[in-house]
Amino acid sequence: MRILVLGSTGYLGGHVAARLRSLPGARVLGGGRSPAAEFPVDLATVRPEQLAKALASVAPDTVVNCAGATGGDAVTLAEVNARGPAVLCAALREAAPGARLVHLGSAAEYGPGAPGTRVTESAPTCPAAPYGATKLAGTVAVTGAGLDAVVLRVGNPVGPGAPASGLPGRITRLLRATDRDGVLRLGDLSAYRDFVDVRDVARATVLAATAPGPLPPILNIGGGQAVLVRDLVHLLATKAGFRGRIEENPPGPGGPAGAGGGGAGAGGGSVRSGDVSWQCSDISAAEEALGWWPEYSLDDALTALWEGPR
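Values in this document were obtained by computation on a predicted structure and should not be read as measured data. (Residues numbered from 1 in each chain as written. Predicted model: local features only at pLDDT ≥ 70, side-chain atom pairs only at ≥ 80, totals over all residues. Heavy atoms only, no water.)

Enquirer: Explain the overall build of the protein here, please?
Expert: When you go through the protein residue by residue, the secondary structure sums to nine helices and 13 strands. Taking 310 residues into account, the globule formula puts the C-alpha radius of gyration at 19 Å, and the protein, at 19 Å, falls close to it. Along the longest, intermediate and shortest principal axes, the C-alpha atoms of the protein span 60 × 40 × 35 Å. The proportion of buried residues among the 310 residues of the protein is 52%. Put simply, of all contacts in the protein between residues at least 6 apart along the chain, 79% involve residues at least 24 apart. When the accessible surface of the protein is totalled, it reaches about 12,800 Å², and 53% of it is carbon and sulfur. (Helix = DSSP H or I, 4+ residues; strand = E, 2+ residues; numbered from the N terminus. Rg over C-alpha atoms; globule rule 2.2 N^0.38 Å. Buried < 20%, exposed > 50% of the residue type's maximum accessible area, 1.4 Å probe, protein only. Contact = heavy atoms within 4.5 Å. Areas by Shrake-Rupley, 256 points an atom, 1.4 Å probe, with all protein chains shown as cover.)

Written as structure tokens, this is what we have:
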């Protein structure tokens, strides 16, 4: 089984590729923008015919697209998150129309959730910022391509190796750089987010890549519960042995976005979903279609993050 993983050097892509490589009989090719990648490609700039030629040369049975931009201006986000999947689908239709495509989307595509409710895959989409809007455009390109494809709408990934571009990774780095009896100054932490361990995301992706028969076009992959960002920060602080004071600065008129304002694992000032105060996904469809349910708790994920490489 030949599996091509695009974005294989990123946070999600690295975990996905590692888990896929553990499958018996799987030949996994890592794709990305680095010239050193086994399958070098930049979805933001490659022409469909170029990509089709490259795909034909490797003849993948499955393509997993973990490539995506989480920061930058609207043009950058659109090039990677919207154009990239569209180009990939066009190339697959020409070069490998029978291949399974697993595309990693984002819960930010839904936009603001109603407090106390879990969002299902059939809920209306109303992204609050360019990140969610461009991820939604990528989802539309994938689901409308006429391919054997599934979009996994991932919540806020956390766990080993979480980057500083996301809230848990950023708070971890701040705690490591702050005196244990010092002051940790953060923004507003009053948002609720659906956190999911990156290892559970990788397992869901492998199940989607190898499941027999067609799958639903979209599946939510999250923790299935809304967590107050303030609680996550305090859990991390406890694991760090932090004895100091956490100062929270709620946003005022014209003030900066707070640490709790980011979506899809974002930190303060994120362009992703700063206006979303509640996010929680209904993950029952993934259980039915894939037999998937999170194996790791939030405490497991934060322990692995704090105890992981510095």
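Enquirer: Help me out: how do you make sense of the layout of surface pockets in this one?
Expert: One way to see where empty space is left: roll a probe the size of a water molecule over the atoms. What the largest pocket holds in volume is close to 830 Å³. Along the wall of the largest pocket there are 39 residues; nearest its centre are C66, A67, G68, A69 and T70. For the lining of the largest pocket, a count of residues per class yields 19 nonpolar, 16 polar and four charged. (1 Å grid on protein atoms, 1.4 Å probe; cavity = no way out; pocket = protein on both sides within 12 Å on 5 of 7 lines; lining within 4 Å. Points joined across faces, edges and corners; volume = space filled by probe spheres on them. Nonpolar A, V, L, I, M, F, W, Y, C, P; charged D, E, K, R; others polar.)

Enquirer: Where do I start with the sheet that holds strand β1 (residues 2-6) in this structure?
Expert: Here seven strands make up an open sheet; going across it, the order is β3-β2-β1-β4-β5-β6-β11 and the pairing parallel. In the strand order of this sheet, the two ends are held by β3 (39-40) and β11 (218-221), each with one partner. Relative to strand β6 (residues 148-154), strand β5 (residues 100-106) runs parallel, the two being bridged by seven bridges. When the bridges of β6 are listed, S106 appears paired with V154. (Pairing = 2+ DSSP bridges.)

Enquirer: What am I meant to see in empty space enclosed by the protein here?
Expert: Taken as a whole and assessed by the stated rule, the structure comprises one cavity of 30 Å³ or more. Its volume calculated, the largest cavity comes out at about 40 Å³. If you go around the largest cavity, the residues you meet are A107, Y110, G111, V119, Q279, C280 and S281. Of the residues contributing to the lining of the largest cavity, the split by class is four nonpolar, three polar and no charged.

Enquirer: Help me understand the pairing of strand β4 (residues 62-65) in this model?
Expert: Here is the key point about a regular strand: its side chains alternate between the two faces of the sheet. Along β4, one buried face is formed by T62 and V64 and the opposite face, lined by V63 and N65, is buried too. With four bridges joining them, β1 and β4 adopt parallel strand pairing. Counted as the bridge partner of L6 is N65 from β4. Bridge count between β4 and β5: four bridges; the pairing is parallel. Directly across from N65, in β5, lies its bridge partner H103. Crossover handedness for the path β4 to helix α3 (residues 74-95) to β5: right-handed. (Right-handed = clockwise from strand over helix to strand, strands pointing away.)

Enquirer: Even after reading the chapter, I still don't get the pattern of salt bridges, so can you show me in this structure?
Expert: Applying the stated criterion across every chain, the model contains 13 salt bridges. Ionic pairing is found between D61 and R2, a salt bridge with its closest N-O pair at 4.0 Å. With a gap of 59 residues between them, D61 in the loop between α2 (48-58) and β4 and R2 in strand β1 connect regions that are remote in the sequence. In this structure, the salt-bridge partner of R230 is E248, at a minimum N-O distance of 2.8 Å. Placement of R230 in helix α7 (residues 229-239) and of E248 in strand β13 (residues 245-249) is noted, with a sequence separation of 18 residues between them. When salt bridges with common partners are traced through the structure, they connect R185, R245 and E247 into a single cluster. (Salt bridge = Lys/Arg side-chain N within 4 Å of Asp/Glu carboxyl O.)

Enquirer: Would you take a moment to explain the side chain of D200 for this structure?
Expert: Looking at the secondary structure, you find D200 in helix α6 (residues 198-210). What makes D200 buried here is its relative accessible area of 0%.

Enquirer: Explanation requested: the confidence of the model for the protein in the structure shown.
Expert: Caution applies to low-pLDDT parts of the model: their predicted coordinates are not meant to be read in detail. The pLDDT averaged across the protein works out to 92; a share of 92% of its residues lies at or above 70. Ignoring residues within four places in sequence, the model shows residues 252-271, a span with pLDDT below 50, making 66 contacts including any to other chains. (pLDDT = per-residue confidence, 0-100.)

Enquirer: It is not clear to me how the packing of aromatic side chains should be interpreted in this structure. Could you clarify?
Expert: Aromatic ring pairs are described here by two measures, namely the spacing of the ring centres and the angle between the planes. Under the defined criterion, the tally for this structure stands at one aromatic pair. Seen in terms of ring centroids, Y192 and W278 are 5.1 Å apart; in terms of plane orientation they differ by 40 degrees. Their pairing is tilted. One end of the pair, Y192, is in strand β9 (residues 192-193); the other, W278, is in the loop between β13 and α8 (284-290), and 86 residues separate them in sequence. Judged by relative accessible area, W278 falls into the buried class, the value being 14%. (Phe/Tyr/Trp six-rings, centres within 6.5 Å; stacked < 30°, edge-to-face > 60°.)

Enquirer: Would you mind going over α2 with me for this structure?
Expert: Since there are 3.6 residues in each turn of an α-helix, residues three or four apart along the chain are aligned in direction. Among all positions of α2, only L51, A52 and L55 are buried. Projected down its long axis, α2 carries its buried residues within an arc of 105 degrees, all on one side. Exposed and oriented more than 90 degrees from the buried face of α2 are K53 and S57. Where α2 is buried, its residues contact β1, β3 and α3. A59, located one to two residues past α2, shows a positive phi value of around 45 degrees. (Arc of directions from axis to C-beta.)

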